[in-house]
Amino acid sequence: MPWHQSLRIARYLMVQKLRRRSKFPLIVELEPLFACNLSCPGCGKIQHPASVLKQRMPVEQAVAAIEECGAPMVSIAGGEPLMHPDIDTMVNEFVRRKKYVFLCTNAALLRRKIDKLDLKPSRYFAFAIHVDGLRERHDAAVDKEGVFDEVIEAIAELKKRGFRVTTNTTVFNTDTPQTLTEVLDFLNDEIEVDQMMVSPAYAYEKAPDQEHFLGVQETRELFRKAFSGGNRKRWRLNHSPLFLDFLEGKVDFECTAWGVPSYSLFGWQKPCYLMSDGYARTYAELVETTDWDAYGRGRDPRCANCMAHCGYEPTAVLATLGSLKESLRAARGL
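Calculation criteria
Residues numbered from 1 in each chain as written. Predicted model: local features only at pLDDT ≥ 70, side-chain atom pairs only at ≥ 80, totals over all residues. Heavy atoms only, no water. Salt bridge = Lys/Arg side-chain N within 4 Å of Asp/Glu carboxyl O. Helix = DSSP H or I, 4+ residues; strand = E, 2+ residues; numbered from the N terminus. Phe/Tyr/Trp six-rings, centres within 6.5 Å; stacked < 30°, edge-to-face > 60°. Buried < 20%, exposed > 50% of the residue type's maximum accessible area, 1.4 Å probe, protein only. Lys NZ or Arg CZ within 6 Å of the ring centre and 35° of its normal. Arc of directions from axis to C-beta. Core = buried A, V, L, I, M, F, W, Y, C linked by side-chain atoms within 4.5 Å. Contact = heavy atoms within 4.5 Å. Pairing = 2+ DSSP bridges. Axes fitted to C-alpha atoms, helices over the stretch in contact; angles between N-to-C directions. 1 Å grid on protein atoms, 1.4 Å probe; cavity = no way out; pocket = protein on both sides within 12 Å on 5 of 7 lines; lining within 4 Å. Points joined across faces, edges and corners; volume = space filled by probe spheres on them. Right-handed = clockwise from strand over helix to strand, strands pointing away. Disulfide = S-S within 2.5 Å.

With an unreviewed UniProt entry as reference, the protein chain is termed Hopanoid biosynthesis associated radical SAM protein HpnH, source organism Saccharomonospora viridis.

Student: So what's going on with the pattern of salt bridges? Residues and values would help.
Tutor: Applying the stated criterion across every chain yields a total of 23 salt bridges. The residue Glu 150 makes a salt bridge to Arg 111 at a minimum N-O spacing of 2.9 Å. With Glu 150 in helix α7 (residues 147-160) and Arg 111 in helix α5 (residues 110-113), the pair connects residues that are 39 residues apart, well separated along the chain. Several salt bridges converge on common partners, so that one network encompasses Glu 67, Glu 93, Arg 96 and Arg 97.

Student: Can you tell me about the packing of aromatic side chains, naming the residues and giving the values?
Tutor: Applying the stated criterion to the full structure yields 16 aromatic pairs. Note on Phe 223 and Phe 227: the rings are 5.5 Å apart at their centroids and 50 degrees apart in plane angle, and the pair reads as tilted. Exposure class is identical for Phe 223 and Phe 227. Each is buried. Taken together, the ring pairs connect Phe 243, Phe 246, Phe 253 and Tyr 312 into an aromatic cluster. Between the NZ or CZ atom of Arg 123 and the centre of the ring of Tyr 124, over which it lies, the distance is 6.0 Å.

Student: Break down helix α3 (residues 59-69) for me, with residues and values.
Tutor: Taken residue by residue, α3 has Val 59, Ala 62, Val 63, Ala 65, Ile 66 and Cys 69 as its buried positions. Each buried residue of α3 lies within a common arc of 160 degrees when the element is viewed along its axis, so the set occupies one face. Positive phi appears at Gly 70, one or two residues downstream of α3, with a value of about 80 degrees.

Student: Could you give an account of the nonpolar core, with specific residues and numbers?
Tutor: Core analysis: the largest hydrophobic core is formed by 106 residues, its most contacted members being Ile 76, Phe 94, Phe 127 and Ile 129. Ranked by residues supplied to this core, first place goes to α7 with seven residues. Aside from chain neighbours lying at most four places away, what touches Phe 127 is Leu 103, Thr 105, Leu 110, Ile 114, Leu 119, Leu 158, Phe 163, Arg 164, Val 165 and Thr 166.

Student: Kindly report on the sheet that holds strand β4 (residues 125-130), identifying the contributing residues and their values.
Tutor: Strand pairing in a sheet is mediated by backbone hydrogen bonds. Such pairs are either parallel or antiparallel. Across the sheet, nine strands lie side by side as β6-β5-β4-β3-β2-β1-β7-β8-β9; this open sheet has mixed pairing. The strands lining the two open edges of the sheet, one partner per strand, are β6 (195-200) and β9 (276-280). Taking each pair of neighbouring strands and ignoring which way they run, the sheet shows an average axis angle of 30 degrees. In terms of strand pairing, strand β1 (residues 27-30) meets strand β2 (residues 73-76) through four bridges, oriented parallel. Paired with Glu 29 across the strands is Ser 75, a residue of β2.

Student: Got a sec to walk through empty space enclosed by the protein? Specific residues and values, please.
Tutor: Per the stated rule, a full pass over the model turns up one cavity of 30 Å³ or more. Its volume calculated, the largest cavity comes out at about 40 Å³. The dominant element in the lining of the largest cavity, judged by the number of residues it contributes, is helix α13 (residues 309-321), at three residues.

Student: Explain the pairing of β1 residue by residue, including any values.
Tutor: Burial along β1 is two-sided: Ile 27 and Glu 29 facing one way and Val 28 and Leu 30 facing the other are all buried. The sheet contact formed by β1 and strand β7 (residues 262-264) spans two bridges and is parallel. Counterpart to Leu 30 in the pairing with β7 is Tyr 263.

Student: For the pairing of strand β5 (residues 164-171), give the residues involved together with the corresponding values.
Tutor: Burial of β5 is extensive: eight of the eight residues sit out of reach of the surface. The alternating pattern of β5 places Arg 164, Thr 166, Asn 168 and Thr 170 on one face and Val 165, Thr 167, Thr 169 and Val 171 on the opposite face, and all of these are buried. As paired elements, β4 and β5 share five bridges and run parallel to each other. From the neighbouring strand, Ala 128 faces β5, where its bridge partner is Thr 166. Sheet analysis places β5 next to β6, joined by six bridges and oriented parallel. In the strand pairing of β6, Val 171 is matched with Pro 200. Handedness of the β-α-β unit built from β5, helix α8 (residues 177-191) and β6 comes out right-handed.

Student: Can you break down the state of the cysteines residue by residue, with the values?
Tutor: A covalent bond between the sulfur atoms of two cysteines is referred to as a disulfide. The tally for this structure, following the rule as stated, stands at zero disulfides. The thiol sulfur of Cys 272 is not disulfide-bonded, and the nearest other cysteine sulfur, from Cys 310, lies at 5.9 Å. Cys 310 provides the cysteine sulfur closest to Cys 306, a residue in no disulfide bond, and the two sulfurs are 6.1 Å apart.

Student: Just give me the short version of unusual backbone geometry, but keep the residues and values in it.
Tutor: In this structure, Gly 79 follows Gly 78 across a cis peptide bond, with omega equal to 10 degrees. Along the chain, the position of Gly 79 falls in the loop between β2 and α4 (87-96). Cis peptide bonds are those with omega within 30 degrees of zero, and the linkage from Lys 270 to Pro 271 qualifies with -10 degrees. Summarising the element assignment, Pro 271 is placed in strand β8 (residues 267-271). A positive phi angle is found at Glu 192, which is not glycine, with a value near 60 degrees. Topologically, Glu 192 is positioned in the loop between α8 and β6. Relative accessible area serves as the criterion here: at 47%, Glu 192 is assigned to the partly exposed category.

Encoded structure:
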């Protein structure tokens, strides 16, 4: 993470600690629409009636939600946010407020849309592009041939225009240490994206494909092998060292779902981005009315194999802040 962003987040966390707030958002998963131009078999976010898929969140509503909760970062997802007619206005409103914005996209529409969007490079803005493997694996993950090549062309175009480009790679049980290493080597060394994120896939209840999600032990073994040989230190991974330790099984954490809450057309989703047990009107209501102790491994069977970054990265960040040793380690990128 760039130094200015790291310092800003550290300051934000210290303020929360001084105010003795026990629960607060680190980054909001904002879903201003559920519609998508792809039908990925491992995704459970587009299984809504046509009447819902046609809806688009007004910019004012999105801004009000982020202002109300006070999060310093926003991840705009969906669905496919490039299908939202006012996505550039939404991004610019957050940037104007000095929120760090990640626009999550499958990039299939990006080159056709980019000249129509009022978006400019900014230290507060980055594209977050999904790349779930090299050509064959990625196209299988999105269930459409040719998407990988389009994604790589889109990344090259964004870099030429001066935008910060990050990637997000979701890992399934069809992946191996070799396939994960190959795609991260490609993104890090050949495409030279700014940062990369990795996360085990979550078994969405409504996902068409229910056979290819990783268990905890499988996840740990896969990442332990993929991170060996100096890869973990060499790759530009946009994660805290403790979260990477967690993926390898060196440490274990409780889920901190309230740290990465999800706000969508329906409101604040209980308890997290991955599960839907109702909705709250405000972030304060989400925090106060959700039975957080009912979730997590050993409490809710839906959480049994979850190791997704949206639940465990905030735990790792808080653990880092609470330790001088870990803070120094994070500063050195170890």
